Structures are given as structure tokens and as C-alpha cells.
Amino acid sequence: MARTDIGPPDYRLMLPETITSNYGKWKYHEILKPGVMKHVSETGDELYTVRAGSPRLVSIDFIRDICDIADKYCDGHLRFTSRFNIELMTPKKENVDGIIGDLKKLGLPIGGIGDCISNIVHTQGWIHCHSAATDASGLVKSIMDELYEYFTEFKLHAKLRIAVACCINMCGAVHCSDLAVVGIHTTPPKVNHEKLASTCEIPSVIASCPTGAIRRHSDKNINSVEVREERCMYCGNCYTVCPSMPLADPDGDGVAIYVGGKVSNSRKPPMFSRLAVPFIPNNPPRWPEVTSILKKIVEVYARDSKKYERLGEWIQRIGWERFFALTNIPFTEQHIDDFTYATETFRATTQFKW
Amino acid sequence: MARTDIGPPDYRLMLPETITSNYGKWKYHEILKPGVMKHVSETGDELYTVRAGSPRLVSIDFIRDICDIADKYCDGHLRFTSRFNIELMTPKKENVDGIIGDLKKLGLPIGGIGDCISNIVHTQGWIHCHSAATDASGLVKSIMDELYEYFTEFKLHAKLRIAVACCINMCGAVHCSDLAVVGIHTTPPKVNHEKLASTCEIPSVIASCPTGAIRRHSDKNINSVEVREERCMYCGNCYTVCPSMPLADPDGDGVAIYVGGKVSNSRKPPMFSRLAVPFIPNNPPRWPEVTSILKKIVEVYARDSKKYERLGEWIQRIGWERFFALTNIPFTEQHIDDFTYATETFRATTQFKW
Amino acid sequence: MSDQASTELKQKIVDYLKSQGKAKNRDVAKALGEEKKLVDKAIGELGNEGTIEYLYLDGSYVKLKD
Amino acid sequence: MASDTPLLDELEKGPWPSFVKEIKRSAGKSPKAKDLLGVVEQSYKDKITHWKHGGIVGVTGYGGGVIGRYTDIPEKFPNAEQMHTIRVNHPSGWFYTTKALRTVCDIWEKHGSGLTNMHGSTGDIILLGTDTDQLQPAFNTLTENGFDLGGSGSALRTPSGCVGPARCEWACIDSPHLIYDLTQTFQDELHRPRWPYKFKIKASACPNDCVAAIARADFTIIGTWRDSIRIDQAAVKEYASKGLDIENLIVARCPGQALEYDAKAQKLSVKPQDCLRCMHCISKMTKAIRPGKETGATILIGGKAPILRGAFLSWVLVPFIKVEPPYTEIKELLEKIWDWWDEHGRNRERIAETIGRLGLKDFLKAVDLKPIPQMVYHPRSNPFVFF
Amino acid sequence: MASDTPLLDELEKGPWPSFVKEIKRSAGKSPKAKDLLGVVEQSYKDKITHWKHGGIVGVTGYGGGVIGRYTDIPEKFPNAEQMHTIRVNHPSGWFYTTKALRTVCDIWEKHGSGLTNMHGSTGDIILLGTDTDQLQPAFNTLTENGFDLGGSGSALRTPSGCVGPARCEWACIDSPHLIYDLTQTFQDELHRPRWPYKFKIKASACPNDCVAAIARADFTIIGTWRDSIRIDQAAVKEYASKGLDIENLIVARCPGQALEYDAKAQKLSVKPQDCLRCMHCISKMTKAIRPGKETGATILIGGKAPILRGAFLSWVLVPFIKVEPPYTEIKELLEKIWDWWDEHGRNRERIAETIGRLGLKDFLKAVDLKPIPQMVYHPRSNPFVFF
Ligand code: SRM
Ligand code: SRM
Ligand code: SRM
Ligand code: SRM
Ligand code: SF4
Ligand code: SF4
Ligand code: SF4
Ligand code: SF4
Ligand code: SF4
Ligand code: SF4
Ligand code: SF4
Ligand code: SF4
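Residues numbered from 1 in each chain as written. Chains lettered and ligands numbered in written order. Predicted model: local features only at pLDDT ≥ 70, side-chain atom pairs only at ≥ 80, totals over all residues. Heavy atoms only, no water.

Quick look at the interface of chain D and chain B now. Every contact between the two is made by 120 residues of chain D and, on the other side, 119 residues of chain B. Both faces considered, chain D and chain B share a buried interface measuring about 10,300 Å² in area, 61% of it formed by carbon and sulfur atoms. The interface formed by chain D and chain B includes 10 salt bridges. Residues Arg64(B) and Glu109(D) are paired through a salt bridge, measuring 2.6 Å at the closest nitrogen-oxygen approach. Between chain D and chain B we count 61 residue pairs in polar contact (both at pLDDT 80 or more) in total. (Contact = heavy atoms within 4.5 Å. Buried area = accessible area lost by both parts, 1.4 Å probe. Salt bridge = Lys/Arg side-chain N within 4 Å of Asp/Glu carboxyl O. Polar contact = N/O pair within 3.5 Å; in protein donor to acceptor, adjacent residues only side chain to side chain.)

Evaluated as defined, the whole model comprises 113 salt bridges over all chains. Among the salt bridges present, the one from Lys29(D) reaches Glu109(D), with a minimum N-O distance of 3.3 Å. Linking Lys29(D) in the loop between α2 (19–27) and α3 (31–46) with Glu109(D) in helix α4 (residues 98–111), this pair joins segments that are 80 residues apart in sequence. The class of Glu109(D) is partly exposed, set by a relative accessible area of 38%. For the salt bridge of Glu260(E) with Lys271(E), the shortest nitrogen-to-oxygen distance reads 3.8 Å. Highlighted residues: Glu260(E) in strand β12 (residues 259–262) and Lys271(E) in the loop between β13 (267–270) and α11 (280–284), separated in sequence by 11 residues. Overlapping salt bridges, with partners in common, bring together Asp5(A), Lys36(C), Asp40(C), Asp188(E), Glu189(E), Arg192(E), Arg194(E) and Asp342(E) in one network. (Helix = DSSP H or I, 4+ residues; strand = E, 2+ residues; numbered from the N terminus. Buried < 20%, exposed > 50% of the residue type's maximum accessible area, 1.4 Å probe, protein only.)

On to the coordination of the iron atom of ligand 1. No other protein atom reaches the iron atom of ligand 1 as a donor apart from Cys171(A) (SG), found 2.2 Å away. Turning to its location among the elements, Cys171(A) is positioned in the loop between β7 (162–165) and β8 (179–184). (Donors = N, O, S within 2.8 Å, 3.2 Å for Na, K, Ca; no water.)

The next point concerns the side chain of Arg322(A). When you line up the elements, Arg322(A) lands in helix α11 (residues 320–327). Accessibility expressed as a relative area gives 17% for Arg322(A), which makes it buried. In this structure the side chain of Arg322(A) is engaged in a polar contact, spanning 2.6 Å, whose partner is the backbone oxygen of Gln273(D). Contacts of Arg322(A), omitting those with residues within four sequence positions, involve Lys353(A), Gln273(D) and Asp274(D).

Many authors give the size of an interface as the accessible area that is lost as the parts come together. Contacts between chain E and chain D engage 6 residues on the former and 6 residues on the latter. Carbon and sulfur atoms make up 90% of the area that chain E and chain D hide from each other, which totals about 370 Å². It is Pro306(E), Pro383(E) and Phe384(E) that lose the most area in chain E upon contact with chain D, and together they represent 72% of the buried surface on that side. Viewed at the interface, chain D and chain E are joined by 0 salt bridges. Classifying every residue of the side of chain E that touches chain D by side-chain character gives 5 nonpolar, 1 polar and no charged. (Nonpolar A, V, L, I, M, F, W, Y, C, P; charged D, E, K, R; others polar.)

This brings us to the state of the cysteines. All names here are of chain B. Considering all chains together, one arrives at 2 disulfides over all chains under this definition. Disulfide partner of Cys200: Cys242, at an S-S distance of 2.0 Å. Residues Cys200 and Cys242 share a disulfide whose torsion about the S-S bond is about 75 degrees; that sign makes it right-handed. Of this pair, Cys200 sits in the loop between α6 (193–199) and α7 (202–208) while Cys242 sits in the loop between α8 (237–241) and β11 (254–259), placing them 42 residues apart in sequence. (Disulfide = S-S within 2.5 Å.)

There is one protein donor for the iron atom of ligand 4, and it is Cys210(E) (SG), at 2.3 Å. Tracing the sequence through the fold places Cys210(E) in the loop between β9 (201–204) and α8 (213–216).

In this model, Met118(E) is joined to His119(E) through a cis peptide bond whose omega is 5 degrees. Within the secondary structure, His119(E) is located in the loop between β6 (115–118) and β7 (125–130). Cis geometry marks the peptide bond from Ile307(E) to Leu308(E); its omega dihedral reads -5 degrees. For Leu308(E), the position within the fold is in the loop between β15 (295–301) and β16 (315–321). Phi is positive for Met170(B), which is not a glycine, with a value near 55 degrees. Following the sequence through the fold, Met170(B) ends up in the loop between β7 (162–165) and β8 (179–184).

Separating chain B from chain C is a minimum C-alpha gap of 24 Å, and the two share no contact. One finds no contact linking chain C with chain D; the least C-alpha distance across the pair is 21 Å.

Structural data, given as C-alpha cells:
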């Protein structure tokens, strides 16, 4: 029988020597240039980190390529960041250029450290998920191509974090990202009446709907359910519990854009991202409407924000009415909340801008 | 037959001459001393206003007394404010001292203008209302006796508005007052099984309960309802629709204190008052526990606030944790919201003070 | 996971699952009147033995392996 | 001899004027007032109210304006058995001639206890305590003298507004006139309850909101302006030279960060597009700063006390509207709101609760308004969107 | 010859590294990767996913760690019929030796498509695409080489933490060790789903929260300190002389208004009782300012994505706790939380939703914590209080 419950390898066996001997002793760091930083220890030791972007969906050959570089310059150690970037670390300043050169040879961008756009936290999409209302990897590639220079250069006043999720399950930190792209359905599930009873438990299906849109089929001869379409908000929860309720639809599916979220506690408490663009139909392979609106938002933010101001802090300062005006994004009835805490978002003051 | 639908008298017939001729032309005002202000018109005209506190529950003889003063100094005109104070107005500076003197002779306090405590907005209580969990007039008298000097002198950095309501129907702006005292029940309704069916519609009674605590009596022979006590939050809505469900109870009734609300849009948007003291049993005729805790809060606020800072703005700046520490009020499980929007009040950041 | 769960308990669980089809650990514990921690442990062992398997879709359940 | 009211007597002491003294003053002439004192003393002893749910009493043709009230201890205090209240609609701005006031006093001396609230918290003159058979005569005499009843029940309630241009330099709308006009126009809605629940209108002529309209009115009208605040630099200099800390107390407190102060030149400037029209700088430097010239109002919807779904402050509905007689646009808006609410509101559901339940979207459609960002603090964060 | 994947080919262009190129690299060796490319191209054509709900697949003894996946067009792409994912638990901090990584690659070359996500957004190594019959052998080889599976289903999910003291000067707790220790301790909870729904643990060693724990973890551990930030005045002078606008960029941005700067003396001081430990001044002046010495963590509860009751950020549960091996207090707290949730939680209800439904009060009692003001932004405003 196989061993079970051994847990992951001990991380201490994975650390490079300079880290082991300076663990917990770091004193300060400096960002030397895009994608390169130096940490200095109380012991006087230094550690240089080079950060490179990654498509995240990578082949084992890609990993082996990176391992080669790590073997060459970093004593066979490397790490990944919480946003899927690759980090190569060395105590030797003289190795930095070699690392950069070799990474570039692999076609990888150097950057993502400091006040810039880092890699996009994202999900499976059409690559692997049955829930997907859009693709994730293709969107990410298209967006990062468009915003490439914001990764490799310092063009912003603060970090800007983007997330892409292929459905509203939001596998990632989409709900608290500076910019977030979310796959959404806009058509109700199409019930497969033949299969439903055999694949799903009808009471669970009915119970799964948060708006109570699902009921037993009105024709008693059909052992299935029906959806009151006007009550459906396309959340997909019924589909999660029952495969016979798919929502995917070539025309109804697309993405929404949310903006202004953050996670850190720096200056302002964490904030949720909020709806900027309710719906853009899927337009693979490059989603040009999505990328251009994101670029527009980034440009306006870059120009209008103050130093150290995250996107959400900027919007908080100028007001949402100004945000919509500056970005030329139309404000629609979809922007107005109608979910559980809706009334808490209604403006209860005469303070607003024109 | 009587005339109907004539509506109230035309206010234009009630205005003093100086107001009629300077209507809409006022330029600025000055607060000359407690309870006295001067308005200056574009025309150069001046109007002096003397404001006096009133118990609000007054006899017709009281009104006649005031009318006498108005006849003497104000050409037979006067007004009341939105907080029940009396205002006597005259274009003649030399009348001011006479007005003050005569008002004082009636035992009325001069003040309530500017950065001070004004009259307490309040309600009926044991004087007239069947819903009352406490008395209003007695509380107001006791509180204003205690805080008298804050009405007649400038001892604060901003206006401080107090409201008293005798039950959670909150007839007044209690939910948005700097300091609010609210009568509350803490015991469930006592159902009068004999009378219920004849005085009330059972389905409406059941439907009236926001927590679903009321159901038909489990004994089928009793045509009445019963209350699942653990679900009852003593809101009194059932009593409002059905007289046979009274909640009043000598030991269970008392008051709660809410703080930090405001209404004006000045600086900060309007704010709700928030729970400071969950329950103080009724202790008539003078409610000493209530008055002393209010005084304590006022004193701490007067000392610790900045100029022009309303009570709620002060708390927002220092944080609720600091408010509870400075006022020595214990924080209890009742302070934590468990109503509809409860989760929105939970602190979702590491930012707090010790 | 040092001491083994009693074979008696495991048998009771298997019997229960036979009658129920699928169940959540906490319902098994309630139905058998056993301490939840013990039931968790026994079910874990039944899993390692290949007697039961885990179901997921609308929540998590265990069932006997067909 | 020991007093009959030892507890209430305590409340005659102390510097604040005493309501007990007032009841006693009336008690001298009115047996009803005397027995009221007894009932209240009993409450002070028992720590419990001695008033019962009111029965249906009123005047011919009206569904409201009177609150019926009976004591539960009539055997002890027979004169207080009936203690009904008459709500009399106040003149806009609560201005009175002594003549008008004395008339009301005389009527109440004849038909009631002689006790009043000046005023009730909705704004009415409250005539406190009379018998059923006195209601119609009292009403008749009131109307003969130019007064009418205020609202109660599931109807429009007595509208009220701040003193406004009558005595305030900041008034952006004519609140007394607007309130008077609306009250006259909607007499039927005021006197004949037919809606799901009560509906209140209040108007403040600037964002200082001196009638607490945003917290207490379903339909809240607040004066404001569209252009820039006006600054008189000479007066700014005067404030500065008198020692006002303009930098810290005015500029730093501006919520829009719209102000800039040049301390050397003692010059204050504003970025009008950043001003939130909060009134702070104006209130504190009233000789130097005033509202803009293009005045009007913001209309907000839904303010109310906590029963049942929690308290609400009114929400922005129309960011800017001109407010000029005959106020047609405002009246039409009110009618549309009432139509929708009357159609969709549940029993005892205020307009805010109906909107909360059915969504702002549907409501906006019904009242012909377009969604705009000014209506919300921020757009939705959740992805549960209907298309 | 025309390409089979004209749409995906578009995504090989442009500067950002291409996932399509990666799939193609694997496609050269693995028929499964090749057919995956075909399925995805089909999706790009049809604008619809071609994956079906996963059936129940897994390895013996575990209830998770594998996501079953089948295409709905197996007739066209038979090698992609089964496309299961294996989640492999990463080493704390995502540090690797190349040896370990190469081992994983070799295993995946043998047992799967050769495609991976480095990493999944919970933090696992995602091995993307294999057949049912390869699952057990792949698992066996992984464990032989020291790797184990991550979580899935209604179980504990793979905990993760920031790089922390391994490379960050601000770390207040040893996030990599804590995460490793918790992961090892709760292996049973990780592999055997039995709860109402998933449960996630994440730890960031300071309030910058570099693993987004507050947004994505039911149980959020964030390093902090109890005493004062430490300021090195010499280094402050250096920042000042290099032109940092300390007044406007640091002091004015401090959310606690806790900082004061004497521009003449170039001296920065703090009122420790007003500091909210937000990290701003520290992050921007890292050579001059550091966290205090009395370090530990704030524990927060309930972060999650929107399904079903809306997204939540984690809420303060324990404002300060010492974080030292063997982390007994934290583990006991977790057990109490799970017991309560397992008992009261409904199916598919995250802990935040259970707390929201039943009230924080009951929850606090169950986990033996006292209510404190730090748990809330502000006390309740409504009067609907249970006693
Ligand atoms: C693989 C991964 C996305 C990725 O590409 O990285 C993923 C993939 C899925 N997630 Fe997720 N989630 C993944 C991280 C997350 C995260 C982020 C995190 O853990 O930090 C979240 C948001 C945080 C949270 O848990 O709230 C997340 C929130 C969800 C939800 C919504 C849960 C909620 O309570 O709101 C669902 C829906 C569900 O559970 O039914 C979900 C469900 C799913 C399922 C299992 C689809 C389903 O309905 O059964 C997806 C399987 C896709 C597939 O075919 O491979 N996934 N999911 C991530 C796990 C990889 C790993 O183990 O490292
Ligand atoms: C007389 C007055 C209090 C006072 O002493 O001033 C008053 C007295 C009563 N109010 Fe009120 N309300 C009075 C102003 C208010 C206000 C303030 C306002 O209008 O600006 C409010 C808060 C604003 C609001 O409407 O939300 C108010 C919110 C309530 C409520 C809660 C309504 C809600 O939706 O939350 C109730 C309960 C009800 O309607 O069943 C209520 C009910 C009552 C009743 C009718 C009791 C009942 O349950 O039937 C009270 C009759 C008392 C009596 O015996 O005389 N009263 N009531 C005020 C009316 C005087 C007047 O006409 O001028
Ligand atoms: C007479 C009255 C209007 C009326 O139609 O009756 C009135 C009259 C004035 N108010 Fe007011 N306010 C009156 C109730 C209010 C209310 C409503 C209330 O208290 O229920 C508010 C909102 C209170 C709140 O936010 O909770 C109110 C918030 C203000 C403010 C904003 C204060 C703030 O800092 O938030 C100002 C401006 C200021 O004080 O700097 C103001 C200023 C003024 C000025 C200076 C305006 C003027 O130039 O005439 C008036 C006299 C000043 C004073 O009393 O200090 N008035 N004022 C009301 C007097 C009530 C009383 O007897 O005390
Ligand atoms: C490597 C990584 C941790 C890890 O264990 O993997 C990391 C490392 C550092 N973070 Fe971070 N952060 C990392 C993800 C995050 C995240 C999480 C995320 O993006 O999903 C956040 C929260 C983002 C948010 O609020 O939405 C995060 C918010 C910060 C902040 C606060 C930024 C702010 O102004 O809100 C700082 C301080 C700063 O930048 O001044 C910071 C600072 C740092 C420092 C300078 C700390 C240090 O001295 O080592 C590190 C390098 C700086 C950089 O990348 O600019 N790190 N950092 C993560 C790199 C992700 C990447 O590849 O881009
Ligand atoms: S976000 Fe939705 S579609 Fe994308 S991986 Fe997660 S569950 Fe699947
Ligand atoms: S998609 Fe959501 S709202 Fe629509 S029927 Fe399914 S569960 Fe209900
Ligand atoms: S607050 Fe309650 S008790 Fe007081 S008058 Fe209003 S309804 Fe009656
Ligand atoms: S007092 Fe309120 S909660 Fe209690 S039974 Fe009556 S309606 Fe229900
Ligand atoms: S609301 Fe404005 S206009 Fe009306 S009285 Fe108050 S300050 Fe003057
Ligand atoms: S009115 Fe308020 S927002 Fe406008 S400039 Fe003055 S202080 Fe600023
Ligand atoms: S969370 Fe704090 S301690 Fe951890 S890596 Fe980020 S900045 Fe460093
Ligand atoms: S850590 Fe944040 S709150 Fe504390 S002093 Fe620095 S900037 Fe201010």
C-alpha cells in the first residue's frame, strides 16, 4: 500500500544556503531596477532576486529550462511567488546579469517588482473547467501583451494587481483586485430533462438556487425541474450541484470587469473590487474590447493618481462618478447593487460630485 | 358640515415684518452670546433672535406667557424651532435684554445656539403612548438638569444633539443623534389568550413578527398564538398590530444608549447612532444611571475632541475601541450586530488600536 | 493515527452505509450515537482499506465502494 | 398633607423647565389634566405605561389626525379614561402670530385638557387629551379659525421644512413655501390614509439639514447648488486676521479636498469640481463664503426609523432639480412614487423597504429616472447581476 | 499546410510568454497534450467550454487531491477523454531545489500530459491531465519521492503562506514554518472531506498580506506587533536628504494620524497608541522604520469568494496571539471552529456564512472568545437586540 499523509516536503530542505543562514535576519531591501531587488541581512549578507513572468500553464520542459538557470547561477534553488512569478536568487551580484540574460533568452519578461503590474492571478477556463464562462489563459495572454510595459517598467504610482477568473466562483482574489476580469453567463441554465433525474437529486437542485428560481417541472409527467428565468441571475450554483443544468452559451457568455479592490492593509483597509463594465461578449482569441478598456483604465489611473495611491484609493478620493466620467465607461442599472446588502451601497448624503 | 382640507394657515401671514421684507436676502449671521444671534440682511436690516429652552409638554398658559413677551417686544410674532425651542425675534437690539429678562423670569434657559447642546427631541412616553418602554419627558428633564450648563454656555467643539424615544419606533431622529436614549423591552410579549382571538387577526399577528417567533398555540383548544421566546428580540411589532400582546414589564423595561449619529452633511456624511450601553433598567423619577453615563460621555468628548468635530466624527477618528476605553463602558456581546447587515459591521482589516 | 479504530465500530459504519447509501460523517456519528472524532477516524481507516470512497458534488459524503 | 404625586414632584426640581409644573398648571383648571397627572404618577410607581391601544376615533371625512387613547386604570382616574390627541398642522417654518396661537389655546381650553406639545416630532401642534365627543367640535372650531389637522396612519404625514430664506443666509430653496404648497396640494393624501404605510416629506434649504430630513423623511428635499461656492477674499482676510486657523480648521476639514489656502496672500481658492457642497467652509466662514448662484435641490428617498427592516437614511434619487413654484416636477415625481409603492408595497412597508425588496432598478424605471453614479456610494461588488 | 489551431496560434504572438507554446511543447511528446490543444481550439471556435462535470476519481484512502475531468467531444479528441488533475501540496513558501522539481517533472512525464500549473491559485502544484488508471501509480511515485497531495472537496485545503522571514525584513511570524506545521498536523482534515464545505488557511507574516490571506482564507493569520514601530532617526535623515517628501507621502498618508514630522530637525516620531500597524511608513521607509519587537499575529475568520451569500473579507477574531511552535493555541482554536461549524453548518456553507446566519455571538461562545470592540468597525446601529 502507498504511503499516505506524509504531507509536503519540508521547506527547509528547499532553501538556498544564504536564506538558511539569514532566516529571520533580513534588515532591508532595495529595488535596483525592474524585476531585481537586493535584500541585505543584519549579518551583512546580501541576496539578489530576479523576478520573471511566467504563463503559469507550463510544460515540464519549461520547468526544466528554469532549473537549468537555477543550477547555473543559484546553486540549484529557486522559488515561485504567490502570483505565479519565478524568482531566482543569488548572493552574488555578478550573477544577476547572467540570470537576466538567460531568462530573456527563454522569452521571459523581467519585472513585476515594485510599483508596476505583476503577473495575473488566474484560473482554468476552457483549458480544464466545466464551469468556465470564458477562457482564463487566453485572456491573460492578451491582457499582458497589451500591458507588457507596465510589467517590465515602472510606470505607476503603486502596485496594480490584476486577476482573471473564468466564472463567478472566482478562484483567485478577483473580488479584491485592482482590476478583475470575471467570466459570466447571462443566460439561464438549459435543463437536460432526460438526464436530470438520473444524474441529480431534484430536492438538492431546487435547494441550490439562492433566488428560488428552480421548481419542479410543471408537467407532472416530466420528472425534472424548470427555471423561472426572470428570477435567474446566472450564478451557476445549480450547475455545480447538477451537471444537467449547464449555463454555457456562445452568445450569452462573456466577461465583466471589476475594479478598485485591494488586499493589503496599507493605508486603507482591504477593499472589494466593484463593477465597472457589466458585460463584454467573448471575443476569442484576443478579446480586444476587454484589453482596450483595461488599458484605458490603467492609463487614466497612471495619469490621475497620486504617488503611492492604489487604484481603489484613487477612486475613493476622486469618487466613482468621476471614475466613470474619466474612463468614459457608461453607468447602467447593472452597476446598482440589488443583492443582499444593496441598500448599504446607496448614497445617503448630498455629498457627491457632478 | 365642517370645512375640510383647508390645510394649515399660510405661513406668510405669520411672519414678522422684518422677515417679510428681508425674505431670501439674508447675508450673514453672528452668534453674539449663548442663545442670541444676529442676522444681517443685504438691505442692511438686522434681526436679533433669542432662543429659549422649552419642556415641549406645555400648558396653554405657558403659551400665553410666551405670547405676552412676543407682544411686548416682537410685534406679536414668534416661532418654534425644529427642536422645540422658542425663538423670539426683533429688529431692535435694545429689546434683546428685555426678552432675555422676561424669559428668565418664566424660568426658561437661554441658549442652544452654536456649539452647545440644544433641546432634546423626544416623544410621548408614559404621558400618552401605549408602546412606551420608558418615559420620555421625565428622562429629558433629568438629562437636561444634569447637562444644563451645556445648553446655556459654550463648552463644546461642535453642536451636540440628543434625542430620547420611549420605544424602538424611535419617533424622532434618535437613530442619527449624537446621543440617543431609547426605551427598550427585554422580555417577550405576554399573550392574553382570552382576548387575542377576539381583538386580533391571528394570521396578521403571526406575519407581523420579523423573526418568525410567533406561531399558532400548540394546544389546539386554545385559539391563540404562542411566542418562541428565544427568537424574540422584543421589537414590539406584534403589539403594534395586536393589543393582546403587551411587552411592558416593570423589570424588563429600561433604556439603551446609542451614540455618534449625525444628520448634517457637513464634513462627514450623515451617520447612524451606534450602541454604547445595551440596557439600563428604568429608575424613575430621575434615571440617575442614565444621566451620569451621558454626562461622562459628554465630558470625555468635550475634552478629547478637536474643534468643529461632532461626537461621531471624534469617535471615527479615535476608533470605537478607544471610545469604550475612554468612557469606561464595557463592550458586550449585545454590541455586536446580528441583524440583517451584521456582517458589514465586522472588522475586515488588521487595522485597529489596542 | 496510532491506535486503530475498533473493528466493531467500522462494521457498524459499514452496515449503516449499506442501509443509507451515502452519508456525511457527522450524520453517521449521530445515527450511531458515537463520538464524531472516533467515527472520523474509523471512516478514514475504511477509506485506506478501500472499503469506502468519498463522494463530492453537492457537499461531501462517504459511501461503500461498489 | 403628603402629595399625591411624590415621584413626579421630584421632577419639578432642577434648572430645566418642568413638564410636571405644566401639567399641574392645567390640572388646576382641567379634571382631565389632573387625572393625567395621576396616571403618569402611577406609571412612575409601576414602571409601566398605563395607556391602552387606541380605538378608532376621528372626525367626519378624515381617516387621521387624531390618536385615540384610553387608560387601563379608568377606575382610579375616570377623567383620563379618554385621552385622545389631536394633531394640528403647523404653519410652515413654525412661525406664529400671538393671535393665532392664542386662538388655538382658547379652543383647547374649551375642548380639551389645556395640555399641548409644541410641537410633535413630525412637526404638528399636538393637542393632548380630550374625549371622543369633543373631537368634532374641536375640529370644527379649528377649521373655522384657519387651522386643519395633520396626518396620521398610513397616509401622507404633515410635511415640514427648515426656516430657510425666512431667516437663513444659506437657503438654496424656499423651504417654507415649498412645504406650504405641497401640504396644500396633497390635502387628500394627508387626511385619507390609503397607502401601505406612512409617508413623510421634509425639506431643508441647504445640506446642513436643520429638519433632519435625510433621517426622518421618506421624501427628502435638500437645497444645494450646481455651480461654485462664492468666496469674498476681503472677508477671508478678515477671518485670518482675527485668528481663524483656516489651514487646519477649514481647508483640512474639507471632505472634497477642494480648498487651497495661500497663507501668505491670505487667499482661499476652490476647485469647484471637487466641492461636495457639504457646507462646512460656508458655515464656519459665513461672512466670506456662500453657496453658488445656480441653486436647486437634491431629492433623496427612503429615510425612516428602524421598524421593521432597520433604519435608513434617504438615498440620492435626483441629484439636482430646480425648485420653483408650482413645483410641477416634484409633484409629478411624488405621484409616480406613490403609484408604484401603492401597487407593490406590502402592508406596513415603507418606501425604502419596498425599494430594498424589489430593487432600485425597478423603482427607477417606474418613476422614469436613469441610473447614475451619484445614486450610490459605489457600484456593486458582487457578481449576481440580472440581465 | 493550414494549422489545426488557427485561433490558438494567435496567442503565440506578442511579448508575454505563451501558454499555447507550452501546450505545443508537451504536445510533441504527449498525445494527451495534443488532444487538449484540440479541445481548447474547439472552445475558441465555439465560445463554450468542452469539459464536463468530473466523475468521482481519486486515490485509495483519500477523498480529494484529484479533480476528475472529461471532455464532451471524446469522439474528436479521444486522448483528451480523461483529463484529470492532480493537486500536489507545495513546500512552504514555494521554495524548491531543482532536484525536487525535476523529480516532479519526471513523474509527470511518465504518468501524465507533461503540463502543469506552477501553481494553482490555492498554492498547489497542478499536474494537468491524466487518465484514471494513472492516478494511483502517479500518487505512489509522488509519495515515494516525498510529495503528497493537496486538498479538494469539503475538506481543509492546502494551506499557504508568504515567503516571510526567509526573505523579508518585515516578517512578524515564521509563516513558512507555521504553514508547514499546520499542514502536517492536519493531514487527515486535508485528505478526507467531511465538513459542510471547503476550509482554507493562509498566513502572511505582516499586514501587507502577500498571500491575500484576508480575501481568500477562512482562517487568516496575519503577522503584527503589539509595541511601537521602531524608527532609526539617522536613516530618516538620509531619506529626507535624498528628497523623500516625508510630510506628504508618509505622515499625511498614515491612517492612524500617528506620525509627526519635524521638518527642521528631520525627525520623525510616532504616537504608538494611534498606530494601526498598516505598514505604509515601514514599506516606504524600510531602512528607517521597522515593526515592533513584540511580534505575533492577528487571526481573522471568514474570507471567501462570492458563492453563495456574497464575498467576505476575513473578520478580526483574535487581535493578538503569540505565534510559537508547537502553535498549540492556534490548533486548538481551529479544532473548536471546525467542531462548531461541522455541527451547525449547512451543506455548501462556508464558515463566514454559518457565522452570518447564526450570529457572531454564538460562534464566539463556542470557540471560547470574549467579544471586544476590535472585532467590529462599529457597534450595531439597530435596536434589535437579544438579551
Ligand atoms: C484549480 C483552481 C484554479 C486555478 O486554476 O488555480 C480552482 C479550480 C476550481 N475551483 Fe476554485 N480553484 C482554485 C482556487 C480557488 C480560490 C483561490 C484560493 O484558494 O486562494 C478560490 C477563492 C477563495 C475561496 O475559496 O473562497 C476558489 C473558489 C472556488 C469556489 C467558490 C467558493 C466560495 O465559497 O465562494 C468554487 C465553487 C465550489 O466550490 O463549488 C470553486 C470550485 C472550483 C472547481 C473545483 C470547479 C467546481 O465547481 O467544481 C474548479 C476545478 C477546475 C478544474 O477543472 O481544474 N472554487 N477556488 C484553484 C485551486 C488550485 C490549487 O489547489 O492550488
Ligand atoms: C406624537 C409623536 C411623538 C411625539 O411625541 O412627538 C409620535 C407618536 C407615535 N408614533 Fe411616531 N410619532 C411622532 C413622530 C415620529 C417620527 C419623527 C418624524 O416624523 O419626524 C418618527 C421617525 C421617522 C419615521 O417616520 O420613520 C416616528 C416613527 C414611528 C414609528 C416607526 C415607523 C418606521 O417605519 O420605523 C411608529 C410605529 C408604527 O407606525 O407602527 C410610530 C408610531 C407612533 C404611535 C402612533 C404609536 C403606535 O404604535 O401606534 C405614537 C402615538 C403616541 C401617542 O400616544 O401620542 N412612529 N414617529 C410624533 C408625531 C407628532 C406629530 O405629528 O408632530
Ligand atoms: C432654527 C433651526 C432651523 C429651524 O427651522 O428650526 C436651525 C437654525 C440654524 N442652524 Fe441648524 N437649525 C436647526 C436645527 C438643526 C438640525 C436638526 C436637529 O438638530 O434636529 C441640524 C442637524 C443636526 C445634526 O447633524 O445632527 C442642524 C445642523 C446645522 C449645522 C451643521 C452642524 C454640524 O456641524 O454638523 C449648522 C452649521 C454650523 O453649526 O456650523 C447649522 C446652522 C444653523 C444656523 C446658523 C443657520 C443660520 O444662519 O440661521 C441657524 C442657527 C444656528 C444654531 O442654532 O446654532 N445647523 N441644525 C433649528 C434649531 C434647532 C434648535 O432649536 O436647536
Ligand atoms: C514575493 C511575494 C510574496 C511571496 O511569498 O510570494 C511578495 C514580496 C514582497 N512584497 Fe508583497 N509580495 C507578493 C505578493 C503580494 C500581494 C498578494 C497578491 O498580489 O496577490 C500583496 C497584496 C496586494 C493587494 O493589496 O492587492 C502584496 C502587497 C505588498 C505591499 C503593499 C502594497 C500596497 O501599497 O498596498 C508591499 C509594500 C509596498 O509595496 O510598499 C509589499 C512588499 C513586498 C516586498 C517588498 C517585501 C520584502 O521586503 O521582501 C516583497 C517584494 C516586493 C515586490 O514584489 O514588489 N507587498 N504583495 C509576492 C509576489 C507576488 C508577485 O509575484 O507579484
Ligand atoms: S473560476 Fe470558475 S470556471 Fe474558473 S476554474 Fe474556478 S470554478 Fe472553474
Ligand atoms: S444559475 Fe443560479 S439563479 Fe439561475 S437557476 Fe441556477 S442556481 Fe438559480
Ligand atoms: S417612541 Fe414609541 S413609545 Fe414613544 S411615542 Fe413613539 S411609538 Fe410611542
Ligand atoms: S416582540 Fe417582535 S420579535 Fe418578539 S414576538 Fe413580537 S414581533 Fe416577534
Ligand atoms: S437647513 Fe440650511 S438653509 Fe435651512 S435653516 Fe439650516 S442652515 Fe439654514
Ligand atoms: S462646501 Fe464643503 S466640500 Fe465644498 S469647499 Fe466647502 S468644505 Fe469643501
Ligand atoms: S506579507 Fe509582509 S512579511 Fe510576508 S512577504 Fe509580504 S511584506 Fe514580507
Ligand atoms: S504603520 Fe501605518 S498606522 Fe502605523 S505609523 Fe506607520 S503609517 Fe501610521
